[in-house]
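Secondary and tertiary structure notes
Letter by letter, the chains look like this.
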Amino acid sequence: MHKIMFCFLSVLGVVVDGFTHKEYNQYLISRQLNGFKSLEIVGGDEVDIKQHPYQVSLYYSNEFSCGGSIVSESYVLTAGHCVLPYPTYKFNFNPKDYHIRVGSSYMDGRGGKKYNINAITVHPEYCKLCDFDYDIAVMKLSTKIALNGITVKTVQLPESGKFLKSGENIVVTGWGDTTIKLDDCSDVLRAVTVPVQSLEHCVKQLTMFTITDRMLCAGFDEGGKDACQGDSGGPAVAESSSVQYGIVSFGLGCARPNKPGVYTNIAAPPIRDWIKNLTGI
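Notes on the structure in this doc start here. Since the model is a prediction, treat every value here as computed from it, not as a measurement.

Section: the pattern of salt bridges
Under the counting rule described, the total for this entry stands at three salt bridges. When the shortest N-O distance is used, the salt bridge between Asp108 and Arg110 registers 3.0 Å. Accessibility expressed as a relative area gives 43% for Asp108, which makes it partly exposed. Where Asp133 meets Arg214, a salt bridge forms, and the shortest distance between an N and an O atom there is 2.6 Å. A residue pair is termed long-range when its members are at least 10 positions apart, and Asp133 in the loop between β10 (113-122) and β11 (137-141) and Arg214 in the loop between α3 (199-205) and β14 (215-218) qualify at 81 residues.

Put into structure tokens, the structure is as follows:
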């Protein structure tokens with residue numbers, strides 16, 4: 001079963017092709033009880049926003065929903081499923097329902113600054129077969145982020161086609177659940193370091209999924225460390241360079257043996273070139 005990675009799903013009565021958000025939330029919860037759940041930071045440590053100043057928190061209707069990353073004064077990256085939870089149903093989201101907070105180590109954004117969203121663009125190829133391929137969205141802000149280089153800073157993106165090698169470490173950050181309980185997010189930003197796995201190895205471990213070149217897999221074969229519920233949309237950066245190579249996307253359970261987490265592979269040309277064309281970055 002899949003695990004989509006966010007702690008909060010709106011329970012407002014907005015209709016999604018015949019389904020209210022409340023009904024959709026109840027559907028996901030029922031699936032989560034059978035293994036369909038989001039990614040969390042498991043086996044990680046609390047960190048300060050100064051260590052990862054590109055990290056943002058994303059809110060839907062003033063409730064925390066996902067993570068994201070600052071790529072410029074005007075643009076933030078997140079996962080497609082953070083703004084388009086279930087593509088089988090047409091979801092006419094309103095950017096005004098979302099906002100981000102920057103410069104805070106806390107999930108509620110205390111001490112940080114709020115920025116409204118002007119436009120949200122999901123990759124046009126996202127989840128056409130509902131396999132979480134192309135799981136990425138770009139958010140354009142209504143006003144430019146005030147970068148201070150200490151708690152608020154952009155993250156560098158990789159060159160198109162320049163991939164991480166198997167065995168290289170990535171650092172994943174977020175406010176995700178640290179237990180197997182639902183909606184038990186961490187109030188303080190956490191980070192975990194996990195090694196990249198080859199796609200061939202990942203395909204053998206996650207036989208129930210379609211793993212593509214637009215995905216990056218990472219984790220320990222013995223399990224114990226992973227991203228999970230609440231970390232969706234958050235950044236995965238190379239430990240050696242702090243370049244963002246991944247976006248927290250999906251997986252099977254959390255920190256299970258032989259079940260790596262799966263991330264949107266930013267270095268994949270269909271992903272990286274799309275970002276470049278859309279943002280100029």
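Once you've had a look at it, read on.
Regarding the sheet that holds strand β9 (residues 98-102)
Taking strand neighbours around the barrel as the criterion, the six strands line up as β6-β7-β8-β11-β10-β9 in a closed arrangement whose pairing is antiparallel. Within this sheet the neighbouring strands show an average axis-to-axis angle of 40°, counted without direction. Pairing geometry for strand β6 (residues 55-60) and β9, over five bridges, is antiparallel. Residue Tyr60 lies in a different strand from β9, and its bridge partner there is Tyr98. Relative to β11, helix α4 (residues 269-279) is tilted by about 20°, and along the sheet it contacts β8 (75-78), β10 and β11.

So, the state of the cysteines
Two cysteines joined by a covalent bond between their sulfur atoms form a disulfide. This structure, assessed with the given rule, holds two disulfides. The side chain of Cys66 participates in a disulfide bridge whose partner is Cys82; the two sulfur atoms lie 2.1 Å from each other. Taking the sign of the S-S torsion, about -95° here, the bridge from Cys66 to Cys82 comes out left-handed. Here Cys66, found in strand β7 (residues 63-70), pairs with Cys82, found in helix α2 (residues 80-83); they are 16 residues apart in sequence, far enough to count as distant. For Cys66, a relative accessible area of 0% gives the class buried.

Things to note about the pairing of β6
Among the six residues in β6, six count as buried, and that is most of the element. A two-sided burial pattern is seen for β6, the buried positions comprising Gln55, Ser57 and Tyr59 on one face and Val56, Leu58 and Tyr60 on the other. As paired strands, β6 and β7 are joined by six bridges and run antiparallel to one another. Bridged to Tyr59 within β7 is Phe64.

Analysis parameters
Residues numbered from 1 in each chain as written. Predicted model: local features only at pLDDT ≥ 70, side-chain atom pairs only at ≥ 80, totals over all residues. Heavy atoms only, no water. Salt bridge = Lys/Arg side-chain N within 4 Å of Asp/Glu carboxyl O. Buried < 20%, exposed > 50% of the residue type's maximum accessible area, 1.4 Å probe, protein only. Helix = DSSP H or I, 4+ residues; strand = E, 2+ residues; numbered from the N terminus. Pairing = 2+ DSSP bridges. Axes fitted to C-alpha atoms, helices over the stretch in contact; angles between N-to-C directions. Contact = heavy atoms within 4.5 Å. Disulfide = S-S within 2.5 Å.

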